[in-house]
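# Topology and contacts: notes
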Amino acid sequence: MSEFTWIDFLSSQPDLQENSVSVGIGDDAAVMRVPRGHELVMSVDTSVAGVHFPKDAAPYDIGYRALAVALSDLAAMGANPCWVALSLTTPTFDSDWLAELYRGFTHTFSQYSLTLIGGDTTQGPLALSVQVYGLVPTGSALLRSGANVGDIIFVSKALGQSALALEAAKRGEQTALAKSFYTVEVEIALGQALRDFASACIDVSDGLLADLYHICKRSQCGAQIEADTVCIDKTLLEKVEAKKALEIALTHGDDYALCFTIPASRLRAWQALRAKQFPHATLYPVGKIVEGDSVFVSGIEDLNLQQSGYQHGMQSDVVSNRSTGKR
Ligand SMILES: [Mg+2]
């Protein structure tokens, strides 16, 4: 399959020309309509073979994951995803392989009413650069900069499973655990619900402490995490001892949970909406926003926080680990 037939292939797929798109694939650029009263939210995320996913991963899985991790940034902004563009660099234009990649990439399109508006193909080492576009009502995007002292910090899922999933995926296992590394669950609905409640939000792609630090930096505050409130994935707790599991849960990237802050004054209203709209979701309060400029973990001593995720190094000065000697 040559570059032009790949584009022809994309143009020929159904449901690519949604009515929100004035000009879609096939012209020099796409033209989209932004509804009145809304703002456009855009993010780009590049996935490189051997860096962000194992080189020998199945094309379906590669496509699925590349879109999911890009969408996670829209979730963190509270945006409703609308349009996607894919820039693909691939060593060969193998039509079966590309069709599988496309199948995985578009797997969640109908779930989110996404439209593919364009793309680009280049020959070279395998990499996918995914641009995602979403909409928010004007002025309502969730930012990293709104957290205030006293706000409660929440995380939207148990952490650390992705560390095991990555290892399983690297070993090429055909297990549900290995699969979960690729079929990342993105918190789109939660992000949108948080627009009216959260003071700040980020998705956990580099590890909870590193990502929470981004909120602190932008909000000019510090954060205190209570060690015994961090919800650690059950499988991880079965495999490694508790302290090591906590270290992994705090520092491993790729969980793609949302980490957000809720002002104490909004907590009751938020809990009421959560119970109604997300009755089965467990959201974990893990600490609070405090004065200062660092993220620290209380209630445990001598944590080794120098681990890193899959090529996601964590800056060692991010965390000043202070113990309150609580346990
Ligand atoms: Mg992010």
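Residues numbered from 1 in each chain as written. Predicted model: local features only at pLDDT ≥ 70, side-chain atom pairs only at ≥ 80, totals over all residues. Heavy atoms only, no water.

## A look at the coordination of the magnesium ion
What counts here: Only N, O and S atoms count as donors, using a 2.8 Å limit from the metal and a wider 3.2 Å limit for Na, K and Ca, and since water is excluded some coordination spheres may look unfilled. The helix count covers DSSP runs of H or I at least four residues long, the strand count covers runs of E at least two residues long, and both are numbered beginning at the N terminus.
Coordination of the magnesium ion by the protein involves D73 (OD) and D203 (OD), with metal-donor separations of 2.1 Å. Residue D73 is located in helix α2 (residues 59-76), and its partner D203 is located in strand β8 (residues 200-203); the two are separated by 130 residues in the primary sequence.

## Concerning the sheet that holds strand β4 (residues 80-90)
The test is simple: Whether two strands pair depends on DSSP finding at least two bridges between them. Lines fitted to the C-alpha atoms define the axes, with helices restricted to the stretch that makes contact. Angles between their N-to-C directions range from 0 to 180 degrees.
Strand order in the open sheet formed by four strands is β3-β6-β4-β5, and the pairing between neighbours is mixed. Edge positions in the sheet fall to β3 (38-48) and β5 (115-123), since each has one partner strand and no second. Adjacent strand axes in the sheet meet at a mean angle of 15°, parallel and antiparallel pairs treated alike. Looking at chain direction, β4 and β5 are connected through eight bridges and run parallel. For L86, the partnering residue across the bridge sits in β5 and is G119.

## So, helix α5 (residues 161-170)
Defined as follows: Using a 1.4 Å probe on the protein chains alone, a residue whose accessible area is under 20% of its type maximum counts as buried, one over 50% counts as exposed, and one in between counts as partly exposed. Throughout, a residue-residue contact means that at least one pair of heavy atoms, one from each residue, lies within 4.5 Å.
Counting buried positions over the ten residues of α5 gives seven, a clear majority of the element. The complete set of buried residues in α5 reads S162, A163, L164, A165, L166, A168 and A169. Buried residues belonging to α5 abut α6 (176-182), α9 (234-239) and α10 (242-251). Positive backbone phi, approximately 75°, marks G172, located one or two places after α5.

## Some details on the environment of L71
In this fold, L71 is placed in helix α2. Taking the C-alpha atoms as reference, L71 lies 8.3 Å from S43; in sequence the two are 28 residues apart. Excluding residues that lie within four positions of it along the chain, L71 makes contacts with P81, T108, Y112, L114, V132, V186 and I188.

## Concerning the sheet that holds strand β7 (residues 152-155)
As a general point, the strands of a sheet are linked pairwise by backbone hydrogen bonds and lie either parallel or antiparallel. With mixed pairing, the six strands of this open sheet are ordered in space as β8-β10-β7-β11-β9-β12. For this open sheet the edge positions go to β8 and β12 (295-298), each flanked by a neighbour on one side alone. Between one strand axis and the next, the sheet turns by 25° as a mean value, whatever way the strands run. By the bridge criterion, four bridges tie β8 to strand β10 (residues 258-262) in an arrangement that is antiparallel. What sits directly across from A200, in β10, is T261. Contacts from α2 reach β8 and β10, with the element oriented near 175° to β8.

## Quick look at the environment of H38
Inspection of the secondary structure assignment puts H38 in strand β3. The class for H38 is partly exposed, based on a relative accessible area of 33%. Residues H38 and S140 lie 102 residues apart in sequence; the distance between their C-alpha atoms is 9.0 Å.

## Focus on the environment of S298
By the secondary structure assignment, S298 is in strand β12. Considering only alpha carbons, one finds S298 and A227, 71 residues apart in sequence, at a separation of 5.8 Å.

## Concerning the confidence of the model for the protein
Let me state the cut-off plainly: The predictor attaches a confidence to each residue, and that confidence, scored 0 to 100, is pLDDT.
Put simply, the protein has an average pLDDT of 88, and 88% of its residues get 70 or more. Every residue in residues 308-327 scores below 50 in pLDDT, and together they form 56 contacts with partners more than four places removed in sequence or on other chains.

## Concerning the pairing of β7
As judged from the four bridges shared by β7 and β10, these two strands associate in the antiparallel manner. The residue bridging I152 from the neighbouring strand is I262, located in β10.

## Topic: the pattern of salt bridges
Worth spelling out the cut-off: Note on definitions: salt bridges are taken to be side-chain nitrogens of Lys or Arg within 4 Å of carboxyl oxygens of Asp or Glu.
This structure, assessed with the given rule, holds five salt bridges. Measuring nitrogen to oxygen at the nearest pair gives 2.8 Å for the salt bridge that ties E100 to R103. Pair noted here: E100 and R103 are both in helix α3 (residues 95-105), with a separation of three residues, about one helical turn. We classify R103 as partly exposed; its relative accessible area is 47%. E173 is the salt-bridge partner of R171, the closest N and O atoms lying 2.9 Å from each other.

## Considerations on the state of the cysteines
Stated formally: Here, two cysteine sulfur atoms that lie within 2.5 Å of each other are counted as a disulfide.
In the structure shown here, the tally under the stated rule is zero disulfides. Its sulfur unpaired, C201 is 7.5 Å from the next cysteine sulfur, which belongs to C259. Note on C201: relative accessible area 2%, which makes it buried.

## Structural notes on the packing of aromatic side chains
Here is the rule: Pairing of aromatic side chains requires ring centres within 6.5 Å, counting the rings of Phe and Tyr and the six-membered ring of Trp. Pairs whose planes differ by under 30 degrees are stacked, by over 60 edge-to-face, and all others tilted.
Taken as a whole and assessed by the stated rule, the structure comprises six aromatic pairs. Taking 6.3 Å as the distance between ring centres and 45° as the angle between the ring planes, the aromatic pair formed by Y60 and Y64 counts as tilted. Highlighted residues: Y60 and Y64, both in helix α2, separated by four residues, approximately one helical turn. Classification of Y60 by relative accessible area gives buried; the value is 14%. By the ring-pair criterion, three or more aromatic residues cluster together here, those being F154, F197, F260 and W270.

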